[in-house]
Amino acid sequence: MRIGIDFDNTIVSYDALFYKVAREQDCVSPDTPANKLAVRDHLRRIGHEDRWTEMQGYVYGLRMEEALAYEGVIDFIGLATAAGHEISIVSHKTIHPYRGPQYDLHAAARGWIEHHLVKDGKTLLPAESIYFELTKQAKLARIADCRCDAFIDDLPEILLDKAFPVSTTPWLFDPDHYHSIYTNEGLQVFGSWLQLVKRFCT
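Residues numbered from 1 in each chain as written. Predicted model: local features only at pLDDT ≥ 70, side-chain atom pairs only at ≥ 80, totals over all residues. Heavy atoms only, no water.

Asks: How do you make sense of the overall build of the protein chain when you look at a structure like this?
Replies: Per the secondary structure count, the protein chain includes eight helices and 10 strands. Its C-alpha atoms give the protein chain a radius of gyration of 17 Å, within 12% of the compact-globule value 17 Å for 202 residues. Taken along its principal axes, the extent of the C-alpha atoms in the protein chain is 45 × 40 × 30 Å. Looking at the 202 residues of the protein chain, the share that counts as buried comes to 46%. Contacts in the protein chain between residues at least 24 apart in sequence constitute 61% of all its contacts with a sequence separation of at least 6. (Helix = DSSP H or I, 4+ residues; strand = E, 2+ residues; numbered from the N terminus. Rg over C-alpha atoms; globule rule 2.2 N^0.38 Å. Buried < 20%, exposed > 50% of the residue type's maximum accessible area, 1.4 Å probe, protein only. Contact = heavy atoms within 4.5 Å.)

Asks: Got a minute to help me understand the environment of S13 in this structure?
Replies: For S13, the location among the structural elements is in strand β2 (residues 12-13). Between the C-alpha atom of S13 and that of E128, which follows or precedes it by 115 residues, the distance is 23 Å. Those residues within four positions of S13 in sequence are excluded, and the remaining contacts are A67, L68 and Y70.

Asks: Looking at this structure, I do not really get the pairing of strand β1 (residues 2-5). What am I missing?
Replies: The side chains of a regular strand alternate, residue by residue, between the two faces of the sheet. Pairing analysis gives four bridges linking β1 to strand β4 (residues 86-92), with the strands arranged parallel. The partner of I5 across the bridge, within β4, is I89. Pairing of β1 with strand β8 (residues 150-153) involves three bridges; the strand directions are parallel. Opposite G4, over in β8, you have F151 as the bridge partner. (Pairing = 2+ DSSP bridges.)

Asks: What is the right way to read the nonpolar core from this model?
Replies: In terms of nonpolar packing, the biggest core is built from 48 residues, with F7, M55, F76, I152 and W193 touching the most fellow members. In this structure, F76 is in contact with I3, I5, I87, I152, W193, L196, V197, F200 and C201, ignoring residues within four places of it in sequence. If you look at the next biggest cluster of nonpolar residues, it comprises 11 residues, including V90, L140, C148 and I158. (Core = buried A, V, L, I, M, F, W, Y, C linked by side-chain atoms within 4.5 Å.)

Asks: Help me understand unusual backbone geometry in this model?
Replies: In most cases, non-glycine residues show a negative phi, while peptide bonds are predominantly trans. Residue N9 is not a glycine yet carries a positive backbone phi of 65°. Along the chain, N9 falls in the loop between β1 and β2. When its relative accessible area of 18% is taken as the criterion, N9 is described as buried. For R147, which is not a glycine, the phi torsion comes out positive at approximately 55°. For R147, the location among the structural elements is in the loop between α6 (136-145) and β8.

Asks: Even after reading the chapter, I still don't get helix α1 (residues 15-24), so can you show me in this structure?
Replies: Every α-helix carries 3.6 residues per turn, so stepping three or four residues along brings you back to the same face. The complete set of buried residues in α1 reads L17, F18, Y19, V21 and A22. In this fold, the buried residues of α1 make contact with α2 (36-45) and α3 (49-60). Positive phi appears at D26, one or two residues downstream of α1, with a value of about 55°.

Asks: What is the right way to look at α6 in this model?
Replies: Taken together, the buried positions of α6 are K139, L140 and I143. Buried residues of α6, seen end-on, are gathered within an arc of 100° and therefore sit on one face of the element. Where α6 is buried, its residues contact β4, β7 (130-133), β8 and α7 (156-159). Following α6 by one or two positions, R147 has its phi on the positive side, about 55°. (Arc of directions from axis to C-beta.)

Here it is as structure tokens:
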């Protein structure tokens, strides 16, 4: 089986890192919930959209190495590949931030994969199975080109896009249960990587 996986907010969790950076920069109070959306919503509410945009570039660039993998995703990739499934990462990511210092976001993400998606001392995925596309439409085309039997993403709009390949089963990763309504849209929704370990690897 060919399984495609999104990268940001699907493999990588940024909640703790965005909160840490926001506190370092004195952007939020200590009682702000320690997650990415709470930081974003606070900055937008006080009219600091530009600061939020620049913070994203900083986190995804210079501070990327500090981001954490979601619990269970490394086990899933390791078990799935051992079971004979082909795993690809397909992500929509610009090369440089829209605002602020021009970090190489692709290089930062590939460095993270090399250092974090590791089991028994070995990187789990070869470079040729990792794709960072510049637009959402290019990402959808890549999913089709990879002939994915299933694709896992945290964004319903990707999985429900008219360009999403009809031959690919859409799996929605929703660890915080923000998107439960999409079960009525034909998406298979899961809240943890342990659920997918059971689905694909047992």
